[in-house]
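# Overview (structure and organization)
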Amino acid sequence: MFGPAGRRAVEERLPALREELDAGFCIVNGENAADGRGLTPKIADKLLAAGADVITLGNHVWARDDIRDYLAGSDRVIRPANLAAGSPGRGLTVAPAADGTPVAVLNLLGSLFLDVPIGFFEVVDELVGEARLRTPVVVVDFHAEATSEKIALARWLDGRVTAVVGTHTHVQTSDARVQPGGTAAITDVGMTGPHDSVIGVEADLAIGRMRTGFPVRFRPAEGGTRIEGAVIECDEKSGRAKAIEAIRIPL
Ligand SMILES: [Fe+2]
């Protein structure tokens, strides 16, 4: 989700949406929650109160200083697992769904066009193994730019996790599918936020920077807000996905 418009959408609509969709567990990527970059403890608490069970992050994880201590003490807000050794917080957590089923959530950063110290393939197998020791229901938020990496990781993990869900591009892709091994995947779930924009930012500011190269202070846009995401249905005993549907709800 992105900026104040995205935050309002989550806070106002998520409680009822969980009911409508009969969603027992909800993961929100919150790395653009604070005015488009980063997450603050206050906003994290509000998103959790609105019905997010786990909040994941991404390349803007350290944009706000005060999130470091918060991450160190939280098991509901996680950051990418493949950051520098010794980074505060955790990249994998397990939390109960509404019916008590434990759900593991793993957050990873892609390599292409992102500055990561550790490649995701270096760490993913061990982390998935660790998650599966605790529960068969494992969801991966793969925060990455390149469609190729996202499809490759979804294929690599097919049969070992419940879902590989892409974030970061803010553009929903039309490839939601359950793969042959039972792992649901979508290259990008899109953006809950202002779509009358350039991926969340006021369009004239984003275009101005591209055209001139001058530094521009971005402002989050406000118009055309919609909720985007994916609903995944799975078998809680095996962890296999039964269905995945991308959702797009104008507000
Ligand atoms: Fe990102």
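Provided above is the structure to which this section pertains.
Residues numbered from 1 in each chain as written. Predicted model: local features only at pLDDT ≥ 70, side-chain atom pairs only at ≥ 80, totals over all residues. Heavy atoms only, no water.

### Here we look at the coordination of the iron ion
Coordination of the iron ion by the protein involves Glu31 (OE), Asn59 (OD1), His143 (NE2) and His168 (ND1), with metal-donor separations of 2.0 to 2.2 Å. Taken together, the four donor atoms coordinating the iron ion and their angles of 87 to 172° define a geometry best described as irregular. We note that the donor set of the iron ion lies within a single chain, spaced as E-x27-N-x83-H-x24-H. Taken as a pair, histidine 143 in strand β5 (residues 138-143) and histidine 168 in the loop between β6 (163-167) and β7 (177-178) lie far apart in primary sequence, 25 residues in all. Assigned by exposure class, histidine 143 and histidine 168 land together as buried. (Donors = N, O, S within 2.8 Å, 3.2 Å for Na, K, Ca; no water. Tetrahedral: all angles 85-135°; square planar, octahedral: opposite > 155°, others 65-115°. Helix = DSSP H or I, 4+ residues; strand = E, 2+ residues; numbered from the N terminus. Buried < 20%, exposed > 50% of the residue type's maximum accessible area, 1.4 Å probe, protein only.)

### Overview of the environment of isoleucine 199
With respect to the helices and strands, the residue isoleucine 199 is situated in the loop between β9 (193-194) and α6 (203-212). Owing to a relative accessible area of 43%, isoleucine 199 belongs among the partly exposed residues under this scheme. Taking the C-alpha atoms as reference points, isoleucine 199 and glycine 36, 163 residues apart in sequence, are found 9.8 Å from one another.

### A word on the packing of helix α1 (residues 3-21) against helix α2 (residues 41-50)
Running from N to C, α1 and α2 cross one another at 25°; their axes reach a closest spacing of 8 Å. In terms of orientation, α1 lies roughly parallel with respect to α2. For α1 against α2, the interelement crossing comes out left-handed. Facing Arg7, Val10, Glu11, Leu14 and Pro15 of α1, the residues of α2 in contact are Ile43, Lys46, Leu47 and Ala50. Class assignment for the residues of the contact of α1 with α2 results in six nonpolar, no polar and three charged. (Axes fitted to C-alpha atoms, helices over the stretch in contact; angles between N-to-C directions. Parallel < 35°, antiparallel > 145°, perpendicular 65-115°, else oblique. Left-handed = near helix turned anticlockwise from the far one by under 90°. Contact = heavy atoms within 4.5 Å. Nonpolar A, V, L, I, M, F, W, Y, C, P; charged D, E, K, R; others polar.)

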